[in-house]
Amino acid sequence: MLDRLPQTPTEGDLEVAYVARGAALVACDTARELAVETLEAERALQDRWRKTSLPRRRLWLW
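The structure reproduced in this document is the subject of the present report. All figures in this text were calculated on a predicted structure; none of them were measured in a lab.

What to know about the overall build of the protein chain
For the protein chain, the count of helices and strands is one helix and zero strands. The C-alpha atoms of the protein chain give 25 Å as radius of gyration, which overshoots the globular expectation for 62 residues (11 Å, by more than 25%). Counting all 62 residues of the protein chain, 2% fall into the buried class. Per element, the accessible surface of the protein chain, about 6,600 Å² overall, is 61% carbon and sulfur. Looking at charge distribution, the protein chain has the averaged site of its 10 positive side-chain charges lying 23 Å from that of its 10 negative ones.

Re a nonpolar patch on the surface
Together, Leu5, Leu14 and Tyr18 make up a nonpolar patch on the protein surface, roughly 320 Å² of accessible area in all. Locating Tyr18 in the fold gives a position in helix H1 (residues 11-52). Note on Tyr18: relative accessible area 64%, which makes it exposed.

Reading the values: rules and limits
- Residues numbered from 1 in each chain as written.
- Predicted model: local features only at pLDDT ≥ 70, side-chain atom pairs only at ≥ 80, totals over all residues.
- Heavy atoms only, no water.
- Helix = DSSP H or I, 4+ residues; strand = E, 2+ residues; numbered from the N terminus.
- Rg over C-alpha atoms; globule rule 2.2 N^0.38 Å.
- Buried < 20%, exposed > 50% of the residue type's maximum accessible area, 1.4 Å probe, protein only.
- Areas by Shrake-Rupley, 256 points an atom, 1.4 Å probe, with all protein chains shown as cover.
- Lys, Arg positive; Asp, Glu negative; His and termini not counted.
- Charge placed at Lys NZ, Arg CZ, Asp CG, Glu CD.
- Patch = residues over 30% accessible without salt bridge, like charges linked within 9 Å, V, L, I, M, F, W, Y side chains within 5 Å.
- Salt bridge = Lys/Arg side-chain N within 4 Å of Asp/Glu carboxyl O.

All we've got here are geometric facts, nothing functional implied.
Shown next, in the form of structure tokens:
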């Protein structure tokens, strides 16, 4: 949600809006970075598990 300014904003109102927008951008970027790190770690764990687990036996013989 975007911050709305009063009808006649003061310099302080503008500064508060810029700071709030900057904080929202930092929070969004941080959340995105955390999501990417989590996904990469999850995939690395899956790859490691696949390499170390016993091979699956086939149920059919031919």
